[in-house]
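Structural overview
The lines below spell out each chain.
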Amino acid sequence: MSSPHYLNSTRIPCTNLLQSNPLWVKVPTSFISPLWRVKANNCSRSSCRTNLSFQLKVAVKEAIDWASENVIWPSPDDEIPFWRKEISSSDVSMDFPFIANEDSDLMHIVHVTAEMAPVAKVGGLGDVVTGLARACLSRGHTVDVMLPFYECLPKWQMTELALTCTYDSYHDGNWIPTNAYRAVVSGIPIILIEPSNHFFKGPTIYGGCYNELEAYLFFSRACLEWMQVAGVQPDIIHVHEWQTCALPLLYWDLYNSLSLRKPRITLTIHNMEHYGECRKEQLSKCGLDGEIYATTDKAMDDRTIGHNPERLSLLKGGIVYSNAVVTVSPTYMKETLCSGWLATTLITHREKYTGILNGIDAAIWNPATDVFLPSQFDAEEIEGKKICKHYVQRGLGLTAEPLASVTGIDFMSDKVPLIVCITRLVAQKGLHLITHAIKQVEELGGQMVVLGKASDARVEREFKSLMDLHNGGFSIRILLMYSEELSHLLYAAADMVLVPSIYEPCGLAQMIGMRYGAIPVVRKTGGLADTVFDMDDPSNCEVANGFVFEGIDEGSLKWALGRAFAYYKEKPDEWRRLVRQVMNIDNSWNNTAMKYISLYSSVRAR
């Protein structure tokens, strides 16, 4: 596909008659006469303002005409959807957008996880594992990611895939032959664990025709067994979520007394609502005595005390047995210490519990290099964002203003804001607020795209009904699916990103949205409260970057969306400055990785 990436281009300094600061516009060099370029470099602001404005109008018009002629504009009638491209991880920039000094105290860190972007991504967990691993690699540390070899993994997104060893790992009275593969994904070395039984078979990461709990119990032990067989002694084993929370129990009560003496365990809890409920006999299948852990100071699920049967919580066991426990934002940490049945356990282990805000991978999520976009852009050269918006509008069949209709230097102006909501369709994400937003955005004369999948059949039916109601029009699109490629395009096209979560441990959508120039509209909770600050709050005037509401009612959301629409339509100059401001916010993994490395250093064996 042809793409309006201005390979031979000039940045034009032009001063709006209403502004004191120059507005930079990137247009093909061939559109600007050599004589005018000399004049632009030598004349004063006052003498050339009119001439620059005229020349800019001509240059922008010609640039837009060029894009109109060279971009293959999509249509909803296309046989292949416009976002469907096979782009391997090798096509994505592996360059780190920050210069990281190599740390002096280097470590070997092994992540043990159920997800990793982009090959095994279901939610934000996969993004976090990849981003943190890449950031630590950039600082000189040795990093591996251990992942189940799901049958559905896209091998074309891996490089250097090779079988390294075959060994046996215990499960339910048997030793299961298991393959270990090495590969590289997004520049990160990975180790894939493939049992010879039916575990991890199926067309999706989750929801296969096997017992997932037992599969992840097997995986947790198989990772430690591989380390023992391969003679690998990392400094840190970093486990994530309930799926790998049996590993700390297995490590301290079994493998540490065998040959694995060096590693220390860090647990990151990405969502406290996923407890890993487990029967004692199920835990016993991985070789531990489940009865031993059925106490309140170990892994007993306190909610089931006195029930028949009482149950265990793998997440609670992970908290008790890990050397350090992290959750994904400072505000969410405070919230979890004050509510929920695990609060007592977290308070008991408060000295090893902390909140570290997630980052985003600023190389993968970078509008200046994003291979999925029809036109790349950045905070200084932002005109490509309008082309991305026009591209998405046309591809989805939404009403699109003709690019050639823009006039003067307000070429980024647009009367109709586009709001995107990219989310899993689960109760946590504020489903009733999303459905209300669809109605309100339409009433306010905007456009909205919802991209997400529902795991619950009732929710699926509800949003299918909304899709049938709205998708035939020209302002709303509900897409019950997930597509990494389309999510990149939607963030680039969006004027606003909506995150109305009931609770949100961290949230990545608001940070990715800002990276792509989409202003966040969020509910004040968890990591959203740590990253988005309201434009109308006088106490936040230095950091204000979005529109925030606190209630879980429709009126609170309506108030925030109404303010956002008014700001967009009535203050276009301020809106453009806000877009540039949020694009320059550093939510990368660089600072976050330093905090994790400091935490690792505090618990590692010396």
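Look up: the structure comes first, before these words.
Residues numbered from 1 in each chain as written. Predicted model: local features only at pLDDT ≥ 70, side-chain atom pairs only at ≥ 80, totals over all residues. Heavy atoms only, no water.

Points about the overall build of the chain
Along the backbone of the chain there are 18 helices and 19 strands. Counting every position in the chain, which comprises 606 residues, the buried fraction comes to 59%. Surface exposure of the chain reaches about 24200 Å², of which carbon and sulfur atoms provide 52%. (Helix = DSSP H or I, 4+ residues; strand = E, 2+ residues; numbered from the N terminus. Buried < 20%, exposed > 50% of the residue type's maximum accessible area, 1.4 Å probe, protein only. Areas by Shrake-Rupley, 256 points an atom, 1.4 Å probe, with all protein chains shown as cover.)

Some points on the environment of Leu418
Inspection of the secondary structure assignment puts Leu418 in strand S14 (residues 418–422). Accessibility expressed as a relative area gives 0% for Leu418, which makes it buried. Once residues within four sequence positions are removed from consideration, Leu418 is found in contact with Lys389, Leu398, Gln447, Met448, Val449, Ala493, Ala494, Asp495 and Met496. (Contact = heavy atoms within 4.5 Å.)

Looking at the side chain of Ser556
Along the chain, Ser556 turns up in helix H16 (residues 554–570). Setting aside its immediate chain neighbours within four residues, Ser556 contacts Phe549 and Gly551.

A short note on the nonpolar core
In this structure, Tyr150, Leu283, Leu315 and Met448 are the most contacted members of the largest nonpolar core, which totals 182 residues. The greatest single-element share of this core, amounting to eleven residues, is contributed by helix H4 (residues 212–230). With residues near it in sequence (within four places) discarded, Met448 still touches Leu418, Ile419, Cys421, Ile434, Ala437, Ile438, Val441, Ser475, Ile476, Arg477 and Leu498. (Core = buried A, V, L, I, M, F, W, Y, C linked by side-chain atoms within 4.5 Å.)

Considering unusual backbone geometry
At the junction of Ala117 and Pro118, the peptide bond is cis and its omega measures out at 0° in the coordinates. Among the secondary structure elements, Pro118 is positioned in the loop between strand S3 (108–112) and helix H3 (124–138). A cis geometry characterises the amide bond from Asn308 onward to Pro309, with omega recorded as 5°. Tracing the chain through its elements places Pro309 in the loop between helix H6 (280–284) and strand S11 (312–313). Backbone geometry places Glu160, a non-glycine residue, at a positive phi of 60°. With respect to the secondary-structure elements, Glu160 resides in strand S5 (residues 159–171). With relative accessibility at 65%, the residue Glu160 sits in the exposed group.

Functional significance is not addressed by these values, which are geometric in nature.
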